[in-house]
Amino acid sequence: MITKGPIIVAALALASSGSDVALVQSFSTPSSANSLRKSAFIGGTTHDANIVRPSLLSSPSSSTTQLHLFDFLTKEDSETQLVTTTTNGSIELVDESSEGDYVDESKKVELILLGIWAVSISAFILINNFYGPWPLFMKGVPERVFFLSHMIGGMLFGGGIILTTCIERAVAKSQNPQVLQFWFDKVPELDGLIVVPALTVSMISGTGLSIVRYGGLNIAPPHVGAIFWTLIAFMSWWAATDLTTQGTALKAVNQMYEQYENGEEGLQTPKVVVDRHVSNVVSCFFILILYSFMVLKPGTLFPFPWNA
């Protein structure tokens, strides 16, 4: 579409020679796509429409060739061409950038950053598990500092997972396009601002506690290792089932919202949104297992069942 645009606009300019019609092509940003989709301006007056038909724009000086070219533009591929006129009679053609492409690109960036984070935090844990205390300055940090950080990080992490699971279930059952779009637009922000930082603080401070209390993660009691391996299993599950479906769910919800704006009724929550509830519930069970290990301390307060 990018390579065709200039050729088409040039053809329109040639077709309109001898008339007072000027052609301009611009591209909308994803953030303005919804507003552009809703309105067109004809003679300075706003009209609700997705596409303004060329017949509405014809003037005494317009030719048949121009009208056919406008028809071609408005029907080409599946992209919406927005044709507007200003108060001085000029015509503006606006190509909407695909929101789906924008969602895909932003999700790729998010997954890349999360991948870098996961590799980094996993390397930190594995170094402490197989090599010894690292970095060494962690030995000098007061135990209560690590303990407080661990409690706050664990509270925000576990509470964030459980709370978002409950909210997303309620949102899905509401079948309200506006509520669904708002929620899935904000879920990545919740992950980036609350869950991931809280999990990072919890894991680093937990490693610090094992260094201060036991001399290192590699010589800590069995329940400490079980906690970290459970965390790694949770991160793998979360990345494979939750993060990978956020983009698909957002696109499905955006499509549902467009149908709602077009006046369709009786819309159902997309299946990909409903199916995410299973992934979220399993994530909550990981949280339950983690806190069970931390409180019951199997292997310390009592032996593991398989060692009894």
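Residues numbered from 1 in each chain as written. Predicted model: local features only at pLDDT ≥ 70, side-chain atom pairs only at ≥ 80, totals over all residues. Heavy atoms only, no water.

S.K.: With reference to specific residues and values, describe the overall build of the protein chain.
M.R.: The helix and strand inventory of the protein chain stands at nine helices and five strands. From first element to last, N terminus to C terminus, the protein chain shows the α and β order α-β-α-β-β-α-α-β-β-α-α-α-α-α. Looking at the protein chain residue by residue over its 308 residues, the buried ones come to 39%. Pairs at least 24 residues apart make up 72% of the contacts formed inside the protein chain by residues separated by at least 6 positions. Here the protein chain displays about 16600 Å² of accessible surface, and carbon together with sulfur accounts for 66% of that area. (Helix = DSSP H or I, 4+ residues; strand = E, 2+ residues; numbered from the N terminus. Buried < 20%, exposed > 50% of the residue type's maximum accessible area, 1.4 Å probe, protein only. Contact = heavy atoms within 4.5 Å. Areas by Shrake-Rupley, 256 points an atom, 1.4 Å probe, with all protein chains shown as cover.)

S.K.: An account of empty space enclosed by the protein is needed here, citing residue identities and associated values.
M.R.: Throughout the structure, instances matching the rule amount to five cavities of 30 Å³ or more. As a volume, the largest cavity reaches approximately 150 Å³. Lining the largest cavity are 15 residues, and of these Thr 164, Asp 191, Trp 238, Asp 242 and Asn 280 lie nearest its centre. Sorting the residues of the lining of the largest cavity by element identifies helix H6 (143-174), helix H7 (177-214), helix H8 (222-261) and helix H9 (271-296) as the ones contributing at least two each. Examining the composition of the lining of the largest cavity, we find that five residues originate from one element, H7, more than from any other. Class assignment of the residues belonging to the lining of the largest cavity gives a composition of six nonpolar, five polar and four charged. By volume, the second largest cavity is sized at about 50 Å³. (1 Å grid on protein atoms, 1.4 Å probe; cavity = no way out; pocket = protein on both sides within 12 Å on 5 of 7 lines; lining within 4 Å. Points joined across faces, edges and corners; volume = space filled by probe spheres on them. Nonpolar A, V, L, I, M, F, W, Y, C, P; charged D, E, K, R; others polar.)

S.K.: How would you summarise the environment of Met 138 if you had to cite specific residues and measurements?
M.R.: With respect to the helices, strands and loops of the structure, Met 138 is situated in the loop between helix H5 (99-130) and H6. When the C-alpha positions of Met 138 and Ile 204 are compared, they lie 9.8 Å apart, and in sequence the two are 66 residues distant. Residues contacting Met 138, with those up to four places away along its chain left out, are Phe 124, Phe 146, Ile 204, Thr 207, Gly 208, Ile 211 and Val 212.

S.K.: Please give an account of the side chain of Asp 242 that cites residues and values.
M.R.: Mapped onto the elements, Asp 242 comes out in helix H8. Taking the relative accessible area as the measure of exposure, Asp 242 reaches 6% and is therefore buried. For Asp 242, the contacting residues outside a window of four places in its chain are Asp 191, Trp 237, Arg 276, Ser 279 and Asn 280.

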